[in-house]
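What the coordinates show
If you want the building blocks of each chain, they are given just below.
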Amino acid sequence: MRKFLKLALGNFEVALSAAFLTVTVLVVIINVILRYGFKSGLFWVEEVATVSFIWSVFVGVAAAYRHKMHIGIDLITSLFPERVRELLSIIINLLMVLINGYIVYLSFLFIQANRLKRTPVLNVPAMYVNAAITVGFGLMTVHAVQFLIAEAKLFFGSRRKA
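Residues numbered from 1 in each chain as written. Predicted model: local features only at pLDDT ≥ 70, side-chain atom pairs only at ≥ 80, totals over all residues. Heavy atoms only, no water.

Notes on the overall build of the protein
Under the convention used in this document: Secondary structure is summarised from DSSP: a helix means a run of H or I of at least four residues, a strand means a run of E of at least two, and numbering begins at the N terminus for each. Note on method: radius of gyration uses C-alpha positions; expected globular size equals 2.2 Å times residues raised to 0.38. Remark: exposure states derive from per-residue accessible area (1.4 Å probe, protein chains only) relative to the maximum for the residue type, with buried under 20%, exposed over 50%, and partly exposed in between. Contact criterion: two residues are considered in contact whenever any of their non-hydrogen atoms come within 4.5 Å of each other. Here the accessible surface of atoms and residues is derived via Shrake-Rupley with a 1.4 Å probe, and residues count as covered only by protein chains that are part of the display. Charged residues are defined here as Lys and Arg on the positive side and Asp and Glu on the negative side; His and the ends of the chain fall outside this count. Charged groups are reduced to one reference atom each: NZ for lysine, CZ for arginine, CG for aspartic acid, CD for glutamic acid.
A tally of regular secondary structure across the protein gives five helices and zero strands. Its helices and strands in sequence order give the protein the pattern α-α-α-α-α, from N to C terminus. Its C-alpha radius of gyration of 21 Å places the protein more than 25% over the 15 Å reference for a compact globule of 162 residues. With respect to the three principal axes, the spread of C-alpha positions in the protein is 75 × 40 × 35 Å. By the burial criterion, 27% of the 162 residues in the protein qualify as buried. In the protein, of all internal contacts separated by at least 6 residues, the share reaching a separation of at least 24 is 75%. About 11400 Å² of surface is accessible on the protein, with carbon and sulfur atoms providing 74% of the total. Looking at the protein, you have 16 positive and 7 negative side-chain charges, and the mean spots of the two groups are 8 Å apart.

A word on helix α4 (residues 82–113)
Keep this limit in mind: Take the residue count of a helix, subtract one, and multiply by 1.5 Å to get its expected span.
Helix length check: α4, at 32 residues, gives a terminal C-alpha distance of 46 Å against a target of 46 Å (1.5 Å per residue), a fit within 8%. For α4, every residue scored as buried is listed here: I90, N93, V97, N100, V104, S107 and I111.

Concerning the nonpolar core
Selection criterion: By nonpolar core is meant a set of buried Ala, Val, Leu, Ile, Met, Phe, Trp, Tyr and Cys residues that side-chain atoms within 4.5 Å join together.
A62, Y65, I90, V97, V104, F137, M140, A144, F147, L148 and F155 form the largest nonpolar core, which has 11 residues in total. Every element with two or more residues in this core is listed here: α3 (45–66), α4 and α5 (127–161). If you tally residues by element for this core, the top one is α5, at six residues. Excluding its chain neighbours within four sequence positions, the residues that come into contact with L148 are I90, N93, L94 and V97.

Some remarks on helix α2 (residues 12–38)
The end-to-end C-alpha distance of α2 is 38 Å, a good match for the 39 Å that 27 residues give at a rise of 1.5 Å each. Taken residue by residue, α2 has E13, S17, T24, V27 and N31 as its buried positions.

Comments concerning the packing of aromatic side chains
Threshold: In summary, the pairing rule links any two rings of Phe, Tyr or Trp, Trp by its six-membered ring, whose centres are within 6.5 Å, and it sorts them by plane angle into stacked for under 30 degrees, edge-to-face for over 60 and tilted for everything else. Here, a charge over a ring means that NZ of Lys or CZ of Arg falls within 6 Å of the ring centre while also lying within 35 degrees of the ring normal.
Applying the stated criterion to the full structure yields five aromatic pairs. It is K68 that lies over the ring of F147; its NZ or CZ is 4.4 Å from the centre. Note that R83 overlies the ring of F155, its terminal NZ or CZ placed 4.0 Å from the centroid.

Here we look at the pattern of salt bridges
Rule in force here: Salt bridges, as used here, are contacts in which a Lys or Arg side-chain nitrogen is within 4 Å of a carboxyl oxygen on Asp or Glu.
Summed over all chains, the structure comprises four salt bridges. Its salt-bridge partner being K68, residue E151 comes within 3.7 Å of it at the nearest N-O pair. Residue E151 is found in helix α5, and its partner K68 is found in the loop between α3 and α4; the two are separated by 83 residues along the sequence. Residue E151 is classed as buried on the basis of its relative accessible area, which comes to 18%.

Overview of the environment of G138
Inspection of the secondary structure assignment puts G138 in helix α5. The partly exposed category is assigned to G138, whose relative accessible area is 21%. For the pair G138 and I103, spaced 35 residues apart in the sequence, the C-alpha separation amounts to 8.5 Å. In this view, G138 contacts V104 and I133; residues no more than four positions away in its chain are not counted.

If you want it as structure tokens, here you go:
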């Protein structure tokens, strides 16, 4: 049970992003079948597909960041010695915490500014759509803090031993 829980929590963002992407694909496929097979379609599919896709993107970005799958350009950092690269990594993670944290703050303001807005078709509060920004960047902020702490411990811990 403990192993399953660790696996589930370790891949939570991937699973959630995949679920939203699955909803996106399924509702679009169902609507295509209905439209071309039965000359009828569901009016709400485009909005559900769009919202699901938005959530899959923002949660998926956090999952990719957690697993360090984003593209990195190490041409400049590879020119420096190992110790300087470790320090640069700490600085980059600190910047990621600050930037992502600021985007989370701005997303709260955005949600607050649009709190009365509703989606056009389903009449759902737009805050549920906009919350994807907060969740995605919030998760990235948490991961950036984790990376920053781990790399700072490694950097400053190895310095004491040297």
